Amino acid sequence: MVLEQYQRDFIDFAIANQVLTFGEFTLKSGRQSPYFFNAGKFNSGSALAKLGQYYAAAIEARKDISYDVLFGPAYKGIPLAAATVISLATGSSGRDVPYSFNRKEKKDHGEGGSIVGAPLAGNVLVVDDVITAGTAIRESMAIIQEAGASLAGVVVAIDRQERGRESERSAIQEIESEYKAPVIAVVTLSCIVEYLREKGGEYTAMAERMEDYRAKYGAKYDA
């Protein structure tokens, strides 16, 4: 596969910030993973600003997606959506996109309601960190439908391309099938493996371990 420059830069960035680490990690599923991705470590102003640039680059790379507003699900999606619209407005496209997010509990005073920011209208692009079981996306979809809007797609930092415990498909594949909308990932597991192989040297052994993990737990894709 051919990596885009923003994908290489993002992986470098994730490793430098110890967001992407390699070793032996026990996941919530009980699986032993040779890598771990913790988006919570993008925890400074400069890191968030750069992260927004990578999200914006991934969105702009998909010319087939039409969207009117970005939506950040509470809580992790809120700063991600904000950072992304800033990058879209200040980047090469110069597109000034409205964004909104939800409260966990509806406000019964002041302006009321559960949505903060721009109205959810037209085609909504959801911005989040990862999709594990798809719960947050399904909750977002209920909010979008209640507002009378449509789901344009979802953008996340990483697609682990890993099947669920009860399905041969990944959570991302299930979301795409259920809602007939694309999920955009800044990088996938395949991107990371390719990056490690390009680097060579000490990274070659890491790439091989990740290939072994993918062979064991990777989602099934149509031929």
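Residues numbered from 1 in each chain as written. Predicted model: local features only at pLDDT ≥ 70, side-chain atom pairs only at ≥ 80, totals over all residues. Heavy atoms only, no water.

Looking at an unreviewed UniProt entry, the protein carries the name orotate phosphoribosyltransferase, with the source organism given as Coemansia brasiliensis. As its UniProt record puts it under Pathway (unreviewed entry), the protein is described as follows: "Pyrimidine metabolism; UMP biosynthesis via de novo pathway; UMP from orotate: step 1/2." (UniProt positions renumbered as here; feature names shortened; annotations may be inferred.)

Chemist: Can you walk me through the overall build of the protein in this structure?
Modeler: Per the secondary structure count, the protein includes seven helices and eight strands. Here the C-alpha atoms of the protein give a radius of gyration of 18 Å, agreeing with the 17 Å that 2.2 N^0.38 yields for 223 residues. Each of the three principal axes of the protein carries a C-alpha extent, and together these read 55 × 40 × 30 Å. Here the protein holds 223 residues, and 46% of them are scored as buried. The long-range share in the protein, meaning contacts at least 24 apart out of those at least 6 apart in sequence, stands at 70%. For the protein, the accessible area works out to roughly 11300 Å², and carbon and sulfur atoms hold 49% of it. (Helix = DSSP H or I, 4+ residues; strand = E, 2+ residues; numbered from the N terminus. Rg over C-alpha atoms; globule rule 2.2 N^0.38 Å. Buried < 20%, exposed > 50% of the residue type's maximum accessible area, 1.4 Å probe, protein only. Contact = heavy atoms within 4.5 Å. Areas by Shrake-Rupley, 256 points an atom, 1.4 Å probe, with all protein chains shown as cover.)

Chemist: What's the story with the pairing of strand S2 (residues 32–37) in this structure? I'm lost.
Modeler: The two faces of the sheet receive side chains in turn, since in a regular strand these alternate between them. In terms of strand pairing, strand S1 (residues 20–26) meets S2 through five bridges, oriented antiparallel. Residue pairing for S2: Thr-21 is matched across the bridge by Phe-36. Linking S1 to S2, which pair antiparallel, is a turn of five residues; within it Gly-30 sits at a positive phi near 95°. (Pairing = 2+ DSSP bridges.)

Chemist: Can you walk me through the nonpolar core in this structure?
Modeler: Core analysis: the largest hydrophobic core is formed by 43 residues, its most contacted members being Phe-10, Phe-37, Phe-42, Tyr-55, Tyr-67, Leu-70 and Val-186. Look past the residues within four positions of Tyr-67 in its chain and what remains in contact with it is Ile-59, Leu-88, Arg-95, Val-97, Asn-123, Leu-125 and Ala-152. Counting residues in each nonpolar core, the second largest holds 22 residues, with Phe-71, Ile-131, Ala-149 and Val-183 among its members. (Core = buried A, V, L, I, M, F, W, Y, C linked by side-chain atoms within 4.5 Å.)

Chemist: I keep staring at the environment of Asp-96 and nothing clicks. Help me out?
Modeler: Mapping Asp-96 onto the fold places it in the loop between helix H3 (77–90) and strand S4 (99–107). With 10 residues separating them along the chain, Asp-96 and Ile-86 place their C-alpha atoms 8.0 Å apart.

Chemist: Please clarify how the pattern of salt bridges should be interpreted in this entry.
Modeler: Between side chains of opposite charge, a pair can form when the charged atoms approach closely. For the structure on display, the rule yields nine salt bridges. Of the charged contacts, one joins Arg-31 and Glu-162 as a salt bridge, the two residues approaching to 2.8 Å between their closest N and O atoms. In this pair, Arg-31 sits in the loop between S1 and S2 while Glu-162 sits in the loop between strand S7 (150–159) and helix H5 (171–179), placing the two residues 131 residues apart along the sequence. There is no split in this pair, since Arg-31 and Glu-162 are both buried. (Salt bridge = Lys/Arg side-chain N within 4 Å of Asp/Glu carboxyl O.)

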